[in-house]
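# Fold and geometry: a report
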Amino acid sequence: MSSILALALVLIGTLCSFFYIFRTTVFRQNHDKNGRKLPPGPRALPIIGNLHMLGKLPHQSLHHLAKRYGPIMSLRLGSVPTIVVSSPAAAELFLKTHDLVFSSRPKMQASEYLSYGSKGMVFTQYGSYWRTVRKWCTLHLLSASKVEEFTPVRKAHLRSLVESVKKSAVAGEVVDLTRKVGELIEDTMCLMIFGQDKDDGFNLRSLIDQTMHLHGLFNISDFIPYLAPLDLQGIGRRLRRTSKLLDAVFEKIIDEHVQGTDPNSLKPHKDFVDMMIFMLNQPMNPHDEEQPYIIERNNVKAILLDMTAASFDTSAIVIVWAFSEILRHRRVMIRLQQELEAVVGRNRLVEESDLSKLLYLDMVVKESTRLHPVAPFLVPRESMEDVIVDGYFIPKKSRILVNTWSMARARSIWSENAEEFLPERFIGSNIDLRGHDFELIPFGSGRRGCPGMQLALITVRLVLAQLIHCFDWELPDGMQPNELDMSEIFGLSLPRDNHLLAKPTYRLLE
Ligand code: HEM
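Residues numbered from 1 in each chain as written. Predicted model: local features only at pLDDT ≥ 70, side-chain atom pairs only at ≥ 80, totals over all residues. Heavy atoms only, no water.

Within an unreviewed UniProt entry, the label attached to the protein reads CYP736A12 protein, and the organism entered is Hibiscus syriacus. According to UniProt, the comment filed for the protein under the heading Subcellular location (unreviewed entry) is "Membrane". Here the protein is described in UniProt, under the heading Cofactor (unreviewed entry), as follows: "heme". (UniProt positions renumbered as here; feature names shortened; annotations may be inferred.)

## Some points on the coordination of the iron atom of the ligand
Each donor-metal-donor angle in an ideal tetrahedron of four donors is 109.5 degrees, and each such angle in an ideal octahedron of six donors is either 90 or 180 degrees. Looking at the protein side alone, the iron atom of the ligand has one donor only, Cys450 (SG), at 2.3 Å. Along the chain, the position of Cys450 falls in the loop between helix H17 (411–414) and helix H18 (453–470). (Donors = N, O, S within 2.8 Å, 3.2 Å for Na, K, Ca; no water. Helix = DSSP H or I, 4+ residues; strand = E, 2+ residues; numbered from the N terminus.)

## A word on empty space enclosed by the protein
Considering all chains together, one arrives at 6 cavities of 30 Å³ or more under this definition. Reported here for the largest cavity is a volume of approximately 800 Å³. Lining of the largest cavity is provided by 44 residues; of these, Ala310, Thr314, Val379, Cys450 and Pro451 occupy positions nearest its centre. Sorting the residues of the lining of the largest cavity by element identifies helix H5 (128–142), helix H8 (177–194), helix H9 (204–216), helix H13 (297–328), helix H15 (359–371) and H18 as the ones contributing at least two each. Considering every element that reaches the lining of the largest cavity, the biggest residue donor is H13, with 8 residues. Taken together, the residues of the lining of the largest cavity sort by class into 28 nonpolar, 11 polar and 5 charged. (1 Å grid on protein atoms, 1.4 Å probe; cavity = no way out; pocket = protein on both sides within 12 Å on 5 of 7 lines; lining within 4 Å. Points joined across faces, edges and corners; volume = space filled by probe spheres on them. Nonpolar A, V, L, I, M, F, W, Y, C, P; charged D, E, K, R; others polar.)

## Some thoughts on the side chain of Ser315
Take Ser315: it is sitting in helix H13. The exposure class of Ser315 is buried, given its relative accessible area of 7%. Among residues more than four places away in sequence, those in contact with Ser315 are Ile185, Ala456, Thr459 and Val460. (Buried < 20%, exposed > 50% of the residue type's maximum accessible area, 1.4 Å probe, protein only. Contact = heavy atoms within 4.5 Å.)

## Focus: the layout of surface pockets
By volume, the largest pocket amounts to about 640 Å³. Contributing elements (two or more residues each) for the lining of the largest pocket: H8, H9 and H13. With 6 residues, the top contributor of residues to the lining of the largest pocket is H9. Here the residues of the lining of the largest pocket sort into 10 nonpolar, 9 polar and 9 charged.

## Some details on helix H2 (residues 58–69)
The end-to-end C-alpha distance of H2, which contains 12 residues, comes to 16 Å, matching closely the 16 Å that a straight helix rising 1.5 Å per residue would cover. The complete set of buried residues in H2 reads Pro58, His59, Leu62, His63, Leu65, Ala66 and Tyr69. Its buried side turned inward, H2 meets strand E1 (72–77), strand E2 (80–85), strand E9 (399–402) and helix H16 (404–407). Trailing H2 by a residue or two, Gly70 shows a phi angle of about 105°, which is positive. (Expected span 1.5 Å × (residues − 1).)

## Let's talk about the UniProt feature "binding site: heme" (unreviewed entry) in the protein
Taking the numbering used here, the UniProt-annotated feature "binding site: heme" (unreviewed entry) corresponds to Cys450. Sequence-distant contacts of Cys450, that is, excluding residues within four places in its chain, are made with Arg134 and Phe443.

## Examining the site of the ligand
By nearness alone, 27 residues border the ligand, and Arg105, Trp130, Arg134, Arg381 and Cys450 come closest of all. Here an oxygen atom of the ligand and a side-chain polar atom of Arg134 are 2.8 Å apart. In this structure, an oxygen atom belonging to the ligand sits 2.6 Å away from a side-chain N or O atom of Arg381. A majority-of-atoms criterion places the ligand in the largest cavity. Of all the secondary-structure elements, those providing two or more residues to the shell around the ligand are H5 and H13. Sort the elements by how many residues they give to the shell around the ligand and H13 lands first, with 6 residues. (Near = heavy atom within 4 Å. Polar contact = N/O pair within 3.5 Å; in protein donor to acceptor, adjacent residues only side chain to side chain. Sits in = over half its atoms within 2 Å of the grid points.)

## Concerning unusual backbone geometry
In this model, Leu378 sits at a positive phi of 55°, which is unusual for a non-glycine residue. If you trace the backbone, Leu378 turns up in the loop between H15 and strand E6 (381–382). The exposure class assigned to Leu378 is buried, which follows from its relative accessible area of 7%. Phi is positive for Lys397, close to 70°, though the residue is something other than glycine. Position of Lys397 relative to the elements: it lies in the loop between strand E8 (392–394) and E9.

## Here's the deal with the packing of aromatic side chains
Taken as a whole, this structure holds 11 aromatic pairs when the rule is applied. Look at Phe194 and Phe250: their rings are 6.1 Å apart centre to centre, the planes differ by 65°, and that puts the pair in the edge-to-face class. Residue Phe194 is found in helix H8, and its partner Phe250 is found in helix H11 (residues 235–260); the two are separated by 56 residues along the sequence. This pair shows no difference in class: Phe194 is buried, exactly as Phe250 is. Ring geometry for Phe323 and Trp473: centres 5.3 Å apart, planes at 85°, overall edge-to-face. Placement of the pair is Phe323 in helix H13 and Trp473 in strand E10 (residues 471–474), with a sequence separation of 150 residues. Each member of the pair Phe323 and Trp473 is classed as buried. (Phe/Tyr/Trp six-rings, centres within 6.5 Å; stacked < 30°, edge-to-face > 60°.)

Here's what the structure looks like:
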């Protein structure tokens, strides 16, 4: 009798445990404490939540998790509710249907240090300050007419790049494309933003690389704020060091401009920095009851830093990934060269006015940004209020990560060969990359979509076209295309882990 009783107790105990585990992992997991339905997601551990699941390449880890939990997945990173969006339909709900609710950015330790307390544009919370800064930057730096004004600058810099690569070709040398392209973009953007050549006294590019990397890290101090004073990952220390070095660069640039600018001569402003200096100490939006403010030196430095960070790395990363794929697919290089020969001929360099006729080049850029999005999670958004999306409750102050890397690998959209580099998939397709077709959103979409897209697309297509038109390229030391290392390094942006090296042969008749 006693053994039957013991057996019954064991059975009841086992059933209760099953029920408890079921409730905690399935039911409670999917509902908040008020019983509202949350998106599905993996069970969170106490304190750290799901932080341990991110790994070294979070976009890939979350891609695998989304296969199990679906395109709207909920995680808890430390104490921060986080929603991972992994399909075009879901992205459209967050970035178009509910765009306004998700138009803010989370406050992070990195933006405190590197954006002078979110005083720039990229990491600034939604509101009247952000709107004004975005309007300014668009008007004075990124508008179609400003981009066109700098056509001669791009042309001159690209010509000198071609001359330098030509010398390497004659000498039979290998070219470090990552370095060359990076320097080219840095040189042209310095002229656009600061109105002057880059200052060789500073290594601004390396500081910007660190900025992008630090901005992208999952910093425990942001997710478990009471651990911030311990700075467990040493990120706080690195942020302080980088921000100090950057501050010195921007102080010097502003000083040089202030000395060369007559504060009484209001117009015309020579360049973007002059325009910003003119705004110094002026009340902004004096009639705006929401938030009147004065523009101070820190605001100017934050805006300059954001413009530099947003433009230095991004276009260069796109060009280098596209080049990597072209080197792995020789037929794509040949087809590009055939198109260039038909449109440009072999007697002259490519001009910006040729770009609209280079349709295959467009497909190559689309395909490359599809497989290698520069910002795998876009720039993280934050919800400004509680909202229901697709039947799920998304609490206010949730962090939203749109996993564009994952969206590119969906076989339901891109067919069985989703992971192959195949520009021809865009033949006869209407899918564009400017933020209206949610299958392909390398520049994001909606109110916070990239304002530098036009400049970026001209730069990327022009540099790629020129280098492929002027030279034949092969991998160094007899390396086979399938041996090229395609590892990524995760940050806010997703560059190659290694520099791309290739050997040029000049091919124009000029
Ligand atoms: C191929 C190159 C580029 C790519 C792929 C790219 C991509 C992006 C992405 C994904 C975002 C976030 C969008 C979102 O949250 O929906 C963004 C924002 C931004 N980009 Fe770009 N970008 C590029 C080049 C540039 C350039 C050249 C500039 C010029 C300064 C620029 C300036 C910005 C700014 C200021 C923001 C923040 C906008 C805001 O928060 O309101 N980008 N970019």
